[in-house]
Amino acid sequence: MLYGIVAATTAFLLAAFLAALIRPCALRLGLLDRRRARRVPALGGLAVVGATCLVACAGDWTGVAPLGTGVGELLAAGGAVALLGVVADVWRLKTRFLVFGTAVAAACVVPYGEFGVAGGLLGAGWVAFVAVAFKGLDHADGLAGTVGVVTAFGAGACAAAEVMDGLAALLSVLAAALTGFLMHNWAPARIALGATGALFTGFVLAAAALVTRTGYEPAASAGVLFALTAVASADVLLVVLSRLLAGRPVLRRGPDHLAHRLRRLGLTSQGATVVLGAASFAGVLVAVLVHGGWLGRTGATCVACVTCTLVLLLLRVPVYGPRPAATTQVSGHLRVRSG
């Protein structure tokens, strides 16, 4: 208990400190989040990755909180995914490469002995899906971090119920590191997670959640896993459907995510993050109750139905339209230039 408090406090303070150090360096190097109109530096995820790995490895090395079988490998794979994210933050890396690289890392840690080859590969694909979904959430100030904290507590509770102490400790450290990072990432954000932190967070959360469902019936596990990641999954589903219906390339960026649509409905940036954080908490709570046996699997089914309904409703919010006319000054006169 005492170690948990010390570890969480250390991860919180270390992540906040590292984020403050990384911000001016990223600005000086011109490493900015390309999805924001403001000058918001990327690579903030290095603070989350560094704090999580340092504190978790220190507990394992000292023997105070051993990570246990497979958890160290999971963390190492998450570190590899974070390095892939660094490449994506520094250079433009296509999404297909991020998905492939994350799926390969996930395939190295999936428990094939429990899931079988087909189930393991399917699980690896799901982990990659969640990791990329968290990258999509990072377009809004504080959103990926908030959803990540809530999901980490939920997955940690599931791990604790399975007496997976090392995994529960890792998730609590990740939650604390994300909370410390949110001190700099809450609207208006002074630094962004970037692909580095978003991919790492989504990967560790999804892989950990998958491990906690080892030995359970596949259909029930699918419901719990979806409920744990309902907001991130809904964001991807909404974006893909919206772009397909509009005839736009699926991988082309656009103002069509959950937070964008909530802001179109009148919410502020902070308000949209709070609403989506509350929605994530509701889904995570149901997942924990179903996992612990306090709620039937119909609870997870209800989360899926509500999520799909909200996605269909939000599809009706207009987000695409003609670019506003731009003006350029030529020889002292204003000329209207069509976007």
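Residues numbered from 1 in each chain as written. Predicted model: local features only at pLDDT ≥ 70, side-chain atom pairs only at ≥ 80, totals over all residues. Heavy atoms only, no water.

Asker: Teacher, can you tell me more about the pattern of salt bridges here?
Answerer: Oppositely charged side chains may form a pair once their charged atoms are brought near each other. Following the criterion strictly, the structure yields 2 salt bridges and no others. With a closest N to O distance of 3.5 Å, Arg297 and Glu217 form a salt bridge. Here the residue Arg297 occupies a position in the loop between α12 (269-292) and α13 (298-314), and Glu217 occupies one in the loop between α8 (194-212) and α9 (218-228), the gap between them amounting to 80 residues. Two residues, Asp256 and Arg243, come together in a salt bridge whose shortest N-O distance is 2.7 Å. Linking Asp256 in the loop between α10 (230-246) and α11 (258-264) with Arg243 in helix α10, this pair joins segments that are 13 residues apart in sequence. For the pair formed by Asp256 and Arg243, the shared burial category is buried. (Salt bridge = Lys/Arg side-chain N within 4 Å of Asp/Glu carboxyl O. Helix = DSSP H or I, 4+ residues; strand = E, 2+ residues; numbered from the N terminus. Buried < 20%, exposed > 50% of the residue type's maximum accessible area, 1.4 Å probe, protein only.)

Asker: So what exactly am I meant to see when it comes to the nonpolar core here?
Answerer: A general tendency of soluble globular proteins is for nonpolar side chains to be buried together. Among the nonpolar cores identified, the biggest contains 94 residues, and Val127, Leu137, Phe200, Phe203 and Val204 are the most heavily contacted of them. Per element, the largest residue contribution to this core is 12 residues, and it comes from helix α7 (residues 165-185). For Val127, the residues in contact, after removing those within four places along its chain, are Ala106, Phe203, Ala206, Ala207 and Leu210. (Core = buried A, V, L, I, M, F, W, Y, C linked by side-chain atoms within 4.5 Å. Contact = heavy atoms within 4.5 Å.)

Asker: Is there a simple way to explain empty space enclosed by the protein in this structure?
Answerer: Summary: where empty space remains is shown by rolling a probe the size of a single water molecule over the atoms. With the rule as written, the count across this model stands at 2 cavities of 30 Å³ or more. Taken as a whole, the second largest cavity holds about 30 Å³ of empty space. As for the second largest cavity, its lining consists of Ala106, Val109, Val110, Pro111, Val127, Ala207, Leu210 and Val211. When residues in the lining of the second largest cavity are grouped by element, the largest group, 3 residues, is from α8. (1 Å grid on protein atoms, 1.4 Å probe; cavity = no way out; pocket = protein on both sides within 12 Å on 5 of 7 lines; lining within 4 Å. Points joined across faces, edges and corners; volume = space filled by probe spheres on them.)

Asker: It is not clear to me how a nonpolar patch on the surface should be interpreted in this structure. Could you clarify?
Answerer: Together, Leu244, Val250 and Leu251 make up a nonpolar patch on the protein surface, roughly 270 Å² of accessible area in all. Relative to the assigned elements, Leu244 resides in helix α10. (Patch = residues over 30% accessible without salt bridge, like charges linked within 9 Å, V, L, I, M, F, W, Y side chains within 5 Å. Areas by Shrake-Rupley, 256 points an atom, 1.4 Å probe, with all protein chains shown as cover.)

Asker: Any chance you could explain the side chain of Thr146 here in plain terms?
Answerer: On the secondary structure map, Thr146 appears in helix α6 (residues 143-161). The contact partners of Thr146, leaving out residues within four places of it in the chain, are Leu182, Trp186, Thr273 and Gly277.

Asker: Looking at this model, I keep getting lost on the confidence of the model for the chain. Mind explaining?
Answerer: Where the model shows low pLDDT, its predicted coordinates should not be examined in detail. Chain-level statistics for the chain give a pLDDT mean of 90 and a share of 94% at 70 or above. Confidence, read as mean pLDDT per element, is least for strand β2 (residues 333-337) in the chain (39) and greatest for α6 (97). Low pLDDT, under 50, characterises residues 323-339; the stretch is placed with 14 contacts to residues that sit more than four places away or in other chains. (pLDDT = per-residue confidence, 0-100.)

Asker: What is the right way to read the layout of surface pockets from this model?
Answerer: Of the voids in this model, the second largest pocket is the one considered here, and its volume is about 440 Å³. Residue lining of the second largest pocket: 17 residues in total, with Leu122, Leu210, Pro218, Ser221 and Leu225 positioned closest to the centre. For the lining of the second largest pocket, the elements supplying multiple residues, two or more each, are α5 (112-137) and α9. It is α5 that contributes the most residues to the lining of the second largest pocket, 7 residues altogether. Looking at the lining of the second largest pocket residue by residue, the classes come out as 10 nonpolar, 5 polar and 2 charged. (Nonpolar A, V, L, I, M, F, W, Y, C, P; charged D, E, K, R; others polar.)

Asker: Teacher, can you tell me more about helix α3 (residues 71-90) here?
Answerer: The α-helix advances 3.6 residues per turn, and as a result positions three or four apart in sequence lie on the same side. If you check α3, its first and last C-alpha atoms are 29 Å apart, about what 20 residues at 1.5 Å a residue would give, namely 28 Å. Regarding α3, the residues found buried are Val71, Leu74, Leu75, Ala77, Gly78, Val81, Ala82, Gly85, Ala88 and Asp89. When α3 is viewed along its axis, its buried side chains cluster within an angular range of 160° and face the same direction. Across α3 from its buried face, at more than 90 degrees, point the exposed residues Ala76 and Leu83. (Expected span 1.5 Å × (residues − 1). Arc of directions from axis to C-beta.)

Asker: Explain the environment of Val109 here, please?
Answerer: Take Val109: it is sitting in the loop between α4 (95-107) and α5. Once you skip the residues sitting within four places of it in the chain, Val109 turns out to touch Glu73, Leu74, Ala77 and Phe203.

Asker: Just to check I follow, could you spell out the packing of aromatic side chains for this structure?
Answerer: Two descriptors summarise a pair of aromatic rings, namely the distance from one centre to the other and the angle between the planes of the rings. On inspection of all chains with the given rule, the structure shows 0 aromatic pairs. Over the face of the ring belonging to Tyr216 we find Arg213, whose NZ or CZ atom lies 4.0 Å from the ring centre. (Phe/Tyr/Trp six-rings, centres within 6.5 Å; stacked < 30°, edge-to-face > 60°. Lys NZ or Arg CZ within 6 Å of the ring centre and 35° of its normal.)

Asker: I'm lost on α9 in this one. Help?
Answerer: Turning to α9, its buried residues number three or more, namely Ala220, Ser221, Gly223, Val224, Leu225, Ala227 and Leu228. As for α9, its buried residues are in contact with α5, α6, α8, α10, α12 and α13. With a side-chain oxygen positioned 3.3 Å from the backbone nitrogen of Ala219, the residue opening α9 is Glu217. (Polar contact = N/O pair within 3.5 Å; in protein donor to acceptor, adjacent residues only side chain to side chain.)

Asker: It is not clear to me how unusual backbone geometry should be interpreted in this structure. Could you clarify?
Answerer: Trans is the common state for peptide bonds, and a negative phi is the common state for residues other than glycine. That bond from Ala187 to Pro188 is cis: its omega, -5°, falls within 30 degrees of zero. By the element assignment, Pro188 lies in the loop between α7 and α8. In this structure, Leu43 is a non-glycine residue whose phi angle is positive, near 70°. Within the secondary structure, Leu43 sits in the loop between α1 (2-29) and α2 (45-62). You can call Leu43 buried: its relative accessible area is 10%. The phi torsion at Val163 lies on the positive side, around 55°, for a residue other than glycine. Assignment of secondary structure puts Val163 in the loop between α6 and α7. By relative accessible area, Val163 is classed as exposed at 63%.

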